[in-house]
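Residue-level structure breakdown
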Amino acid sequence: MIFGIYPGGMSGTPAGLTTGPANNPHQVAKALDMLQGNASAFLVRVYAGYYGPGKPVTIVPEDPSQYVTANRPLDLVLCFQSDNADLFHWKNFIRERVEKYREHLRYLQVTEEANANLPSLDGYFPASRKALVEGIVFARQLIDSMGLKIEVGFNATPDFNPNRQFWKEIRSLATPAFYDSLDYVGLDFFPDVFRPLPRDGEKVLAKEPIRQLIRHFRGDIADAGIRNNIPLHITENGWPTNSSRPESDQSAVLEAVIRAVSELRTELNIVSYEMFDLRDADSSLEDIFYRFGIMNDDYSPKQAFETYRLLIEELTVAS
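Residues numbered from 1 in each chain as written. Predicted model: local features only at pLDDT ≥ 70, side-chain atom pairs only at ≥ 80, totals over all residues. Heavy atoms only, no water.

Focus: the side chain of S251
How we decide: Helix numbering and strand numbering both begin at the N terminus, where a helix is a DSSP run of H or I of at least 4 residues and a strand a DSSP run of E of at least 2. Residues count as neighbours in contact if any of their non-hydrogen atoms are within 4.5 Å of one another.
Note on placement: S251 falls in helix 7 (residues 247-268). Those residues in contact with S251 that sit more than four places away from it in its chain are Q303, A304 and T307.

Some words on the packing of helix 2 (residues 88-101) against helix 3 (residues 128-145)
The condition that has to hold: Axis lines are fitted through C-alpha atoms, for helices just across the contact stretch, and the angle between N-to-C directions can take any value from 0 to 180 degrees. Here the word oblique covers every angle except those under 35 degrees (roughly parallel), over 145 (roughly antiparallel) and from 65 to 115 (roughly perpendicular). What makes a crossing left-handed is the near helix being turned counterclockwise from the far one by less than a right angle; a clockwise turn instead makes it right-handed. For this classification, the nonpolar set comprises Ala, Val, Leu, Ile, Met, Phe, Trp, Tyr, Cys and Pro, the charged set comprises Asp, Glu, Lys and Arg, and every other residue, Gly included, is treated as polar.
Axis separation between helix 2 and helix 3 bottoms out at 10 Å; the angle between their running directions is 40 degrees. Between helix 2 and helix 3, the interaxial angle falls into the category oblique. Handedness of the helix 2/helix 3 crossing: right-handed. Side by side, helix 2 and helix 3 meet where W90, K91, I94, R95 and V98 of the first sit next to A131, E134, G135, F138, A139, L142 and I143 of the second. Considering only residue class, the contact of helix 2 with helix 3 consists of 8 nonpolar, 1 polar and 3 charged.

Some thoughts on the environment of N24
Rules: Note on exposure labels: buried denotes an accessible area under 20% of the residue type's maximum, exposed denotes more than 50%, and partly exposed covers the range between, all computed with a 1.4 Å probe on protein chains only.
The residue N24 is located in the loop between strand 3 (16-17) and helix 1 (25-36) in this model. Judged by relative accessible area, which is 33%, N24 ranks as partly exposed. When the C-alpha positions of N24 and Y299 are compared, they lie 8.6 Å apart, and in sequence the two are 275 residues distant.

Some words on unusual backbone geometry
One can expect most non-glycine residues to show negative phi and most peptide bonds to be in trans. With an omega of -5 degrees, the peptide bond running from V60 to P61 counts as cis. Its location among the elements puts P61 in the loop between strand 5 (58-60) and strand 6 (74-80). Of note in this structure, E113 is not a glycine but carries a positive phi near 50 degrees. Summarising the element assignment, E113 is placed in the loop between strand 7 (105-110) and helix 3. Here E113 falls in the buried class, since its relative accessible area comes to 6%. Positioned with a positive phi, D192 is a non-glycine residue whose angle comes to about 75 degrees.

Comments concerning the pattern of salt bridges
Rules: The salt bridge criterion pairs a side-chain nitrogen of Lys or Arg with a carboxyl oxygen of Asp or Glu, the two atoms within 4 Å.
Considering all chains together, one arrives at 22 salt bridges under this definition. With a shortest N-O distance of 2.8 Å, K302 and D280 are connected by a salt bridge. You can see K302 sitting in the loop between strand 13 (270-275) and helix 8 (303-315) and its partner D280 sitting in the loop between strand 13 and helix 8, a full 22 residues away along the chain. A single salt-bridge network, built from bridges that share partners, covers R45, D75, E112 and E274.

Focus on the packing of aromatic side chains
Selection rule: Only centres within 6.5 Å qualify two rings of Phe, Tyr or Trp (six-membered ring in Trp) as a pair; their planes then separate them into stacked at under 30 degrees, edge-to-face at over 60, and tilted for everything else. To sit over a ring, a charge needs its Lys NZ or Arg CZ within 6 Å of the ring centre and within 35 degrees of the ring normal.
Per the stated rule, a full pass over the model turns up 21 aromatic pairs. With a centroid separation of 5.4 Å and 45 degrees between ring planes, the pair formed by Y50 and F93 is classed as tilted. Highlighted residues: Y50 in strand 4 (residues 42-50) and F93 in helix 2, separated in sequence by 43 residues. Residue Y50 is classed as buried on the basis of its relative accessible area, which comes to 4%. Taking the centre distance of 5.1 Å and the plane angle of 80 degrees together, the rings of F80 and W90 count as edge-to-face. Remark: W90 occurs in helix 2 and F80 occurs in strand 6; sequence separation between them is 10 residues. Judged by relative accessible area, F80 falls into the buried class, the value being 0%. Here the aromatic residues Y6, Y47, F190, F194, F276, F289 and F292 are joined through ring pairs into a cluster of three or more. In this structure, R195 is placed above the aromatic ring of F160, and the distance from its NZ or CZ to the ring centre is 4.0 Å.

Considerations on the pairing of strand 6
Successive side chains on a regular strand alternate, one facing one side of the sheet and the next facing the other. What counts is decided by this rule: The rule for pairing is simple: two strands pair if DSSP sees at least two bridges between them. When the strands point away from the viewer and the connection leading from the first strand across the helix to the second strand turns clockwise, the crossover is called right-handed.
Of all 7 residues that make up strand 6, 7 are buried, and the element is covered over most of its length. Residues L74, L76, L78 and F80 line one face of strand 6 and the alternating positions D75, V77 and C79 line the opposite face, and both faces are buried. Bridge count between strand 4 and strand 6: 7 bridges; the pairing is parallel. Residue Y47 lies in a different strand from strand 6, and its bridge partner there is V77. Looking at chain direction, strand 6 and strand 7 are connected through 5 bridges and run parallel. Residue pairing across strands places L78 opposite V110, the latter belonging to strand 7. Handedness of the β-α-β unit built from strand 6, helix 2 and strand 7 comes out right-handed.

In structure tokens:
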């Protein structure tokens, strides 16, 4: 299993994006070095935003190439947030990003949570499902034509809607080229944040709930016609702190979840885990959406920082 992290602080909320202190590249690089240690590979998760033709492109964190090393590649997420269903400019956006980061890319994720209907996420935009399917085919053809070794996929959140509309829509849009182009599917999940995990005293019991959730997710994938043994990536997982959510609990939950994912990696074909995120967006606020970091917004570490560092050292499996 390969580990990684989103090294920024900005995140999405039900009302939009968070605000807060700017990233400090020196502190980010220092933290990444500490987390990776001697691990043979470590992923830097980056988000590039497309908002429609003629609109500025965003990249979070800024200038991600500065965090890349020979064994620290990028997992680049291409977010689609446009009401324009004409995908000509979207495909140009994909081309430009691949050309720009071609030497640093290991994974290319096309769209971000296209099943999540929140204003800060791609699922809010009806054309995102079409952008997902066509974008993956376009990206695969482009990457192959350039002779690059970059895996292409998409991600989603757990879907407890019984009609499974998103997955049925993907099936209706999919072509043989889409299925052939798809290398992995990512899962964004935040156990014990919105739905509690069971406990035995103070011990967090994560393995069986996570097994059940990922099996459910594989059922969703099958509804879209995607092969049921496709590799899975845990693309976002975190647990926020505030005055009523102590750092010790963050550390305990994240360790329980990561160990459960690692123990299930062979059974469920999980190949990577990425934490969300490195630092708080704004540590002065109580809103949990601003406090997912394993560091405070001044880059002072929380207890979970050292926990994650030790887990990476222990559990990294050479790719």
